[in-house]
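Residue-level listing of the chains:
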Amino acid sequence: MKLPVLKPASLIGVMLLATTACAQPSTTDMNNKTASQTSQNTQAIGTVSKSVDSRLRQLLTQAGIKTQITSIAPSKLPNMYQVNLAEQLPLHITKDGKYVIQGELQKNPSKRVVTKVPPRSNRAQIGKPVSASVKSDILANMEALKNMSAKTPFFYTAVPGVIWGATLEGVPFLLSDDAQYITDGEISVIENGQFIGLDETFEKQKNQSVFATLADKQLINYPATSPERAVIYVATDVNCPYCRRLHQQLPMLNAKGVTVKTIGYPIYEESPKQMRGIWCQGSEDGRRKAFDKAMLQGKMTPAAASCTTDNVTANREKAAGLAVMATPAIYREDGVLFQASFESPEFLEFLGVQ
């Protein structure tokens, strides 16, 4: 198994920046210092029993890990062990061997303000936003990370004490619930002795939680024109060529019983102002017509001088929990992300329509 990870210090570097996509660290010294801290602080401490050590080695070997396992020790992520691999980033694995993260832990440079151990999550909370008190404590311990704010989404994972978060730009990360250690790895699952990919149960429930927070009046909806058989959410940008191509298919999808809920998700530099003009239209029908004009004809509708409200940003920030990597991002109502071309036959099969 090999998951994509950032280079050492790059995740903390991203979080240390101001909240603009163009910002860069002021000097390379900060990155070098953070990398040094990472190297010093990601060494797991303590010991594990011989039986646990032997069982985890056997399980990982069976699951396809061919790299030499040099040692296993308690991880600094709660309820996990750190599996050190020769010349590869370490793994972090739960005692039962079900949940695995690949990635090097990075020490949060912030001063630890809240020292109490947070209440750990239970199965019913998987994919749910963390409680207000837990979020407040996490943020209090992340003061040095300028991209963190009250708008930053945090969710409980299947591993008690390990929290999933994302920057408002949609960059996902994992952290210990005391916010002391962070990694850009993702949680994978071992089932029946084999890696089966990312924790889809968590992803689905997290995405459903995000959908529940979106303000429906700030979506542009295209209802099914035949008996409804599916509902999808689409994160879209008016300047995205593939978003425009998908938009051309909406009448066909509506006719097949698919309701499309559009999330304004500007990613191009000129898009926020242009999309604000569309979302400023006074009625749902007016917004839909202005959006159609932009997507089908490339003609933008400016905001009236009387419109002082930004009806795009609030939902865009809430949708950060979807961790959109590219638009259009298409999700079924049950939270499953479609990960192929919408122009392929698999798309209608994904939606459960013919």
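In case you missed it, the structure is sitting above this.
Everything numeric in this text was worked out from a predicted model, so none of it was measured.

Thoughts on the sheet that holds strand 5 (residues 106-107)
Taken together, the five strands give an open sheet; going across it, the order is 5-9-8-7-6, and neighbouring strands pair in antiparallel fashion. The open sheet terminates on both sides in strands that have one partner only, identified here as strand 5 and strand 6 (154-156). Two strands pair when backbone bridges link them, and strand 8 (residues 172-176) and strand 9 (residues 181-183) are joined in this way by two bridges, in the antiparallel orientation. Across the sheet, L174 pairs through a bridge with T183, a residue of strand 9. On the sheet, helix 4 (residues 132-140) packs against strand 6, strand 7 (162-166) and strand 8 and is oriented at approximately 125 degrees with respect to strand 6. Sheet contacts for helix 5 (residues 200-213): strand 6 and strand 7; angle to strand 6, the most-contacted strand, approximately 135 degrees.

Some points on the side chain of N239
Tracing the chain through its elements places N239 in the loop between strand 13 (230-236) and helix 6 (241-247). Residue N239 is classed as buried on the basis of its relative accessible area of 17%. Polar contacts involving the side chain of N239 include one to the side chain of S271, which spans 2.8 Å. Separated by 2.8 Å, the side chains of N239 and Q274 make a polar contact. Once you skip the residues sitting within four places of it in the chain, N239 turns out to touch R244, Y268, E270, S271, Q274 and M300.

Details of the environment of D178
For D178, the position within the fold is in the loop between strand 8 and strand 9. You can call D178 buried: its relative accessible area is 18%. The sequence separation of D178 and L139 amounts to 39 residues, and the corresponding C-alpha distance is 9.6 Å. At a separation of 2.6 Å, a polar atom in the side chain of D178 contacts the side chain of S176. Within the local environment of D178, its side chain forms a polar contact with the backbone nitrogen of Q180, the two atoms lying 3.1 Å apart.

Quick word on the sheet that holds strand 4 (residues 99-102)
Ordered in space as 1-2-3-4-10-11, the six strands form an open sheet in which the pairing is antiparallel. In the strand order of this sheet, the two ends are held by strand 1 (69-74) and strand 11 (194-198), each with one partner. For this sheet, the mean inter-axis angle between neighbouring strands, taken without regard to orientation, is 30 degrees. Here strand 10 (residues 187-191) runs beside strand 11; their pairing, made up of four bridges, is antiparallel. The partner of V189 across the bridge, within strand 11, is G197. In the packing of helix 3 (residues 50-62) onto the sheet, the strands contacted are strand 1, strand 2 (81-85), strand 3 (88-93), strand 10 and strand 11, and the crossing angle to strand 1 comes to about 125 degrees.

What about the pattern of salt bridges?
All chains considered together, the criterion is met by 12 salt bridges. For K151, the salt bridge goes to E317, with nearest N and O atoms at 3.3 Å. With K151 in the loop between helix 4 and strand 6 and E317 in helix 10 (residues 313-318), this residue pair connects regions lying 166 residues apart in the sequence. Look at K151 and you get partly exposed, because its relative accessible area is 49%.

Parameters at a glance
- Residues numbered from 1 in each chain as written.
- Predicted model: local features only at pLDDT ≥ 70, side-chain atom pairs only at ≥ 80, totals over all residues.
- Heavy atoms only, no water.
- Pairing = 2+ DSSP bridges.
- Helix = DSSP H or I, 4+ residues; strand = E, 2+ residues; numbered from the N terminus.
- Contact = heavy atoms within 4.5 Å.
- Axes fitted to C-alpha atoms, helices over the stretch in contact; angles between N-to-C directions.
- Buried < 20%, exposed > 50% of the residue type's maximum accessible area, 1.4 Å probe, protein only.
- Polar contact = N/O pair within 3.5 Å; in protein donor to acceptor, adjacent residues only side chain to side chain.
- Salt bridge = Lys/Arg side-chain N within 4 Å of Asp/Glu carboxyl O.

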